[in-house]
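Single-letter residue listing:
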Amino acid sequence: MGIFLVVATSVVATTAVGSDRGGTLDLASYAADPSPLETTAAGFSASGMLQVVAEGLAQMVRRSYPGSSFVYEPGGPAGGIVRLARGERPFAIQTGTDLSLALAGSPPFRDAYAPASFLPVARIAEGFIVQVYAREEFLQRYGVNDLSDVARQRIPMRVSTNPRGNTVSQAMAHLILDHYGMDYERIESWGGEIIYLPTRASNDLMRNRKLDVVITAGFAPSSALSELAVGTPIRMLSLPPQLTERLVNELGMEPSMLPAGTYSFVTEDMPLPAAYFLLTAGPHTYGGDVYKVLRSLHDQFDYYRMLHPRFAELDRSMLAMTGPLARHPVAEAFFRDTGLVNGSDN
């Protein structure tokens, strides 16, 4: 069962913060401090859309607090979570799925972390949609409608599940395959192959007919996938409601939708689960730094909307959708002060 089925109690705005220089949360004093922010966030990938989001976040901070240095430190999400929990970094960026795995002590984490180790500050991206797509030629050759046909016929499928260090993709790939009665070993036993490459590199293999299926997650539309579909017929596979429910309950995802027309080969709305990204602090993180990041996100949100076409429809309320864990007390106070949450919200 996923840890995200457990709802933590929110921290009220008057909570004392032991790591704060004054000892007690004081939004007024934070708001009165115009000095530049110098901080680091242990990050996710060094490329792709999340890199764009992280760089956008840094720019938003600089716009609100000139002279600031918000360093995005690329790496694996698991490593970022560990560094945050150890107090080695003030912030980390990860998905709700990564936190779910960390709190449960599921691989790649050796031990379960206490919920109080991670204090969400803001949701910084959403709509990281689960996508399973295949070459139409492969599907027609074997008469495949969904992955259950692969399992039943023991088709030697060549499938990409992203690099081993991508905790989100690996966790969801294992769960998706398990739903259809498959795992990596079984696929390999009947002549299939597991490819551990990023999505863009996997698309190149698919273009050259060296790959059949991709299991991934990403922001849509993706230019790389649109380009692939120009010369390679592709089909996006739907996921049954029971599988979507498992991804939501066990991996901390949420229901979402891939709208018709997102890609040339998506002709109707497709209900699919999606991950979301959080900026998270620790109990050691100075509240004034949390305030400056939040103020920047709030005040520069129009700039955020320009980072990706899918973000244009979002509004500031997204920032407060931080999931079931107790927010950092400064975030709790900030969201109440700005009206993004009310007294009945967690």
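Here the structure is a predicted model, which means the values were calculated and not measured.

The next point concerns the overall build of the protein chain. For the protein chain, the helix and strand inventory stands at 14 helices and ten strands. Taken over the C-alpha trace, the protein chain has a radius of gyration of 21 Å; the compact-globule value for 346 residues is 20 Å, and the two agree within 12%. When the backbone C-alpha atoms are referred to their principal axes, the protein chain occupies close to 65 × 40 × 35 Å. Looking at the 346 residues of the protein chain, the share that counts as buried comes to 54%. Of the contacts formed within the protein chain by residues at least 6 apart in sequence, a portion of 76% connects residues at least 24 apart. Of the side chains in the protein chain, 28 bear a positive and 35 a negative charge, and the two mean positions are spaced by 5 Å.

Across five bridges, strand 1 (residues 38-42) lies against strand 2 (residues 69-73) in parallel orientation. Across the sheet, threonine 40 pairs through a bridge with valine 71, a residue of strand 2. Across two bridges, the pairing between strand 1 and strand 3 (residues 91-95) is parallel. Pairing of alanine 41 across the sheet is with phenylalanine 91, part of strand 3.

What follows covers the packing of helix 12 (residues 287-299) against helix 14 (residues 329-337). Where helix 12 contacts helix 14, the axes come no closer than 9 Å and their chain directions differ by 40°. Compared by their axis directions, helix 12 and helix 14 come out oblique. Of the two possible hands of crossing, helix 12 and helix 14 adopt the one that is right-handed. Contact residues: helix 12 offers Gly287, Val290, Tyr291, Leu294, Arg295 and His298, while helix 14 offers Val330, Ala331, Phe334 and Phe335.

Let us now look at helix 12. Here helix 12 is 13 residues long and its end C-alpha atoms lie 18 Å apart, about the 18 Å a rise of 1.5 Å per residue gives. Among the 13 residues in helix 12, twelve count as buried, and that is most of the element. When we look at burial in helix 12, the residues that qualify are Gly287, Gly288, Asp289, Val290, Tyr291, Lys292, Val293, Leu294, Arg295, Ser296, Leu297 and His298.

Tracing the backbone through its elements, the reader meets serine 68 in the loop between helix 2 (49-64) and strand 2. Between the alpha carbons of serine 68 and phenylalanine 335 there is a distance of 23 Å; along the sequence they are 267 residues apart. Non-local contacts of serine 68, meaning those with residues more than four positions away in its chain, are made with Pro36, Leu37, Val61 and Arg62. A polar contact is formed between the side chain of serine 68 and the backbone nitrogen of leucine 37, at a distance of 2.8 Å.

On to the nonpolar core, then. Ranked by size, the top nonpolar core spans 118 residues in total, and within it Met157 and Met182 carry the most contacts. The element that contributes the greatest number of residues to this core is strand 4 (residues 119-135), accounting for ten residues. With near-sequence residues (within four places) excluded, methionine 182 lies in contact with Leu147, Val150, Ala151, Met157, Leu177, Ile187 and Trp190.

Moving on, we come to unusual backbone geometry. Look at the link from proline 107 to proline 108: it is a cis peptide, with omega at 15°. The omega torsion of the bond from alanine 220 to proline 221 falls at 5°, within 30 degrees of zero and hence cis. With respect to the helices and strands, proline 221 occurs in the loop between strand 7 (213-218) and helix 10 (223-231). Despite not being glycine, arginine 154 shows a phi value in the positive range, around 55°. Along the chain, arginine 154 falls in the loop between helix 6 (147-153) and strand 5 (158-160). You will see that arginine 209, though not glycine, has its phi angle at about 60°, which is positive. When you line up the elements, arginine 209 lands in the loop between helix 9 (199-207) and strand 7.

Reading the values: the criteria
Residues numbered from 1 in each chain as written. Predicted model: local features only at pLDDT ≥ 70, side-chain atom pairs only at ≥ 80, totals over all residues. Heavy atoms only, no water. Helix = DSSP H or I, 4+ residues; strand = E, 2+ residues; numbered from the N terminus. Rg over C-alpha atoms; globule rule 2.2 N^0.38 Å. Buried < 20%, exposed > 50% of the residue type's maximum accessible area, 1.4 Å probe, protein only. Contact = heavy atoms within 4.5 Å. Lys, Arg positive; Asp, Glu negative; His and termini not counted. Charge placed at Lys NZ, Arg CZ, Asp CG, Glu CD. Pairing = 2+ DSSP bridges. Axes fitted to C-alpha atoms, helices over the stretch in contact; angles between N-to-C directions. Parallel < 35°, antiparallel > 145°, perpendicular 65-115°, else oblique. Left-handed = near helix turned anticlockwise from the far one by under 90°. Expected span 1.5 Å × (residues − 1). Polar contact = N/O pair within 3.5 Å; in protein donor to acceptor, adjacent residues only side chain to side chain. Core = buried A, V, L, I, M, F, W, Y, C linked by side-chain atoms within 4.5 Å.

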